[in-house]
Amino acid sequence: MVAKQLSIFLENKSGRLTEVTEVLAKENINLSALCIAENADFGILRGIVSEPDKAYKVLKENHFAVNITDVVGISCPNVPGALAKVLEYLSAAGVFIEYMYSFANNNIANVIIRPNNMDKCLNVLKEKKVDLLAASDLYKL
């Protein structure tokens, strides 16, 4: 349900993304999902990793600005309209999605959501019987 996500702030310069992935690889930490948002000066890599607490520690030790944020993982059919239906539930309940990213694998789409109200989001998703991903499952993808 609720998983830990890393948010890593990166200067917009060649090699910074490589450095992050090398630090994680050296510690045998798998990066299973990610998205990158950027502006002129920096980027934010948001990602789900196999060992978030360990990743946080080693990234800090390697002088990366990193935070841990709670997110929700859901699974829905990889068909047109499936995500729209879930987002409609949340929207109707007044839950705002700060950001999200997804990845599909055959017939299943996995979606990471950062809602403005975690408790309300979880209540709506449970009430509507949306398939929530356990954190332990997300970390192993």
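Bear in mind that the values here come from a model prediction, so they are computed numbers and not experimental data.

Student: Looking at this model, I keep getting lost on the nonpolar core. Mind explaining?
Tutor: If you look at the biggest cluster of nonpolar residues, it comprises 18 residues, and the most contacted ones within it are V72, I74, L90, I113, C121, L125 and L132. Those elements that provide at least two residues to this core are β4 (65-77), α3 (82-92), β6 (108-115) and α4 (118-127). With 5 residues, the single largest contributor to this core is α4. In contact with I113, not counting residues within four places along its chain, are V71, V72, I74, L90, I97, Y99 and M100. With 14 residues, the next largest nonpolar core counts V20, V58, L59 and F64 among its residues.

Student: What should I look at first to understand α4 in this one?
Tutor: Since there are 3.6 residues in each turn of an α-helix, residues three or four apart along the chain are aligned in direction. Every buried residue of α4 is accounted for by M118, C121, L122, V124 and L125. Buried residues along α4 cover an arc of 165° about the axis, so they all sit on one side. Residues D119, N123 and E127 are exposed on α4 and point more than 90 degrees away from its buried face. Looking at the buried residues of α4, the elements they touch are β1 (2-11), β4, α3, β6 and β7 (131-132).

Student: Teacher, can you tell me more about α3 here?
Tutor: Looking at α3, one finds that the buried residues are A82, V86 and L90. An end-on view of α3 places all buried positions within 70° of arc, on one side of the element. Projecting away from the buried face of α3 at angles above 90 degrees are the exposed residues E88, S91 and A92. The inward-facing, buried residues of α3 abut β4, β5 (97-105), β6 and α4.

What counts as what
Residues numbered from 1 in each chain as written. Predicted model: local features only at pLDDT ≥ 70, side-chain atom pairs only at ≥ 80, totals over all residues. Heavy atoms only, no water. Core = buried A, V, L, I, M, F, W, Y, C linked by side-chain atoms within 4.5 Å. Buried < 20%, exposed > 50% of the residue type's maximum accessible area, 1.4 Å probe, protein only. Helix = DSSP H or I, 4+ residues; strand = E, 2+ residues; numbered from the N terminus. Contact = heavy atoms within 4.5 Å. Arc of directions from axis to C-beta.

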